[in-house]
Amino acid sequence: MSSSNPWDSVQPTAAAIVLAKNVACGLVTQENMETIRKDLSCFTRLSKVEKVGTLQAEMEEKTLELDLLWLQQEVADIAHPYYLEKKLQILQEMNSHLESVLKEKRTLRQRLMKPLCQESLAIEASFHRYVAELLKMTVTFIGKLDSYLETIKTIPEMAHTMKEMDTAVAKMTCLVIETEELVKHVQKWRDQHQQIKNRSFINLL
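Here is what the cut-offs are and how they apply
Residues numbered from 1 in each chain as written. Predicted model: local features only at pLDDT ≥ 70, side-chain atom pairs only at ≥ 80, totals over all residues. Heavy atoms only, no water. Helix = DSSP H or I, 4+ residues; strand = E, 2+ residues; numbered from the N terminus. Areas by Shrake-Rupley, 256 points an atom, 1.4 Å probe, with all protein chains shown as cover. Salt bridge = Lys/Arg side-chain N within 4 Å of Asp/Glu carboxyl O. Buried < 20%, exposed > 50% of the residue type's maximum accessible area, 1.4 Å probe, protein only. Patch = residues over 30% accessible without salt bridge, like charges linked within 9 Å, V, L, I, M, F, W, Y side chains within 5 Å. Phe/Tyr/Trp six-rings, centres within 6.5 Å; stacked < 30°, edge-to-face > 60°. Lys NZ or Arg CZ within 6 Å of the ring centre and 35° of its normal.

Asks: It is not clear to me how the overall build of the chain should be interpreted in this structure. Could you clarify?
Replies: A tally of helices and strands in the chain yields 9 helices and 0 strands. The N-to-C order of helical and strand elements in the chain reads α-α-α-α-α-α-α-α-α. Total accessible area on the chain stands at roughly 19,600 Å², and carbon and sulfur atoms take up 63% of it.

Asks: Which parts of the structure should I look at to understand the pattern of salt bridges?
Replies: A side chain with one charge can pair with a side chain of the opposite charge if their charged atoms come near. Within the structure shown, the criterion is met by 1 salt bridge. A salt bridge links Glu 133 to Arg 129, with the shortest nitrogen-to-oxygen separation between them at 3.8 Å. Highlighted residues: Glu 133 and Arg 129, both in helix 7 (residues 128-143), separated by 4 residues, approximately one helical turn. Judged by its relative accessible area of 40%, Glu 133 falls in the partly exposed class.

Asks: How should I be thinking about a nonpolar patch on the surface in this particular structure?
Replies: Side chains of Phe 141, Ile 142, Leu 145, Tyr 148, Leu 149, Ile 152, Ile 155, Met 158, Met 162 and Met 165 sit close together on the surface and give an oily, nonpolar patch of about 940 Å² of accessible area. Elements represented by at least two residues in the nonpolar patch include exactly helix 7, helix 8 (145-154) and helix 9 (158-204). Ranked by residues supplied to the nonpolar patch, first place goes to helix 8 with 4 residues. By the secondary structure assignment, Leu 145 is in helix 8.

Asks: What exactly am I supposed to notice about the packing of aromatic side chains here?
Replies: The description of an aromatic ring pair rests on the distance of the ring centres and on the angle between the ring planes. Here the structure, examined in full by the defined rule, presents 1 aromatic pair. A centroid spacing of 5.6 Å and a plane angle of 35° characterise the contact between Phe 141 and Tyr 148, whose relative ring orientation is tilted. The exposure class assigned to Phe 141 is partly exposed, which follows from its relative accessible area of 44%. The positively charged end of Arg 129 is found above the aromatic ring belonging to Tyr 130, 4.4 Å away from the centroid.

Structure, rendered in structure tokens:
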């Protein structure tokens, strides 16, 4: 009898090994085993148990294969040659830039240590128009800086100012209402006075 492979997904049970050894030694024949297997229900149950074990092993194997497929799908974009080439290209460009920086290390250090005051920065001709507009905006901003600062200072008092304005609006509304009523009274008084004058004039006639 050949030895079992420990890496196989399905291993023979202990009962199957014992029966196989008995058949190999000649204690029982295969025909007897088949007859007994048909007559006894325990062998049927053992067969069912073996089938269940086989199915469970197959399910575990399929689950493992499915997990591997999911993992491959998740890392497909990362491990794809196209994206790897792009990353390699970016790394090569960064490496070239760092190499150029290292070559100019001494010059860059001297340039950084040197102050930039009282120096003119080179500006391309295509940007001169924008620089002129920026200077005009800068002059205007500096001229109005004091008013801007005063406005900023009044921001904390804005709530109190708004309350005062609401109060003033309410008072103005009351004055308008009183004025309208006064105008109505004056108009009424004029009408009455005019009627009295008319009656007096008629009586004189």
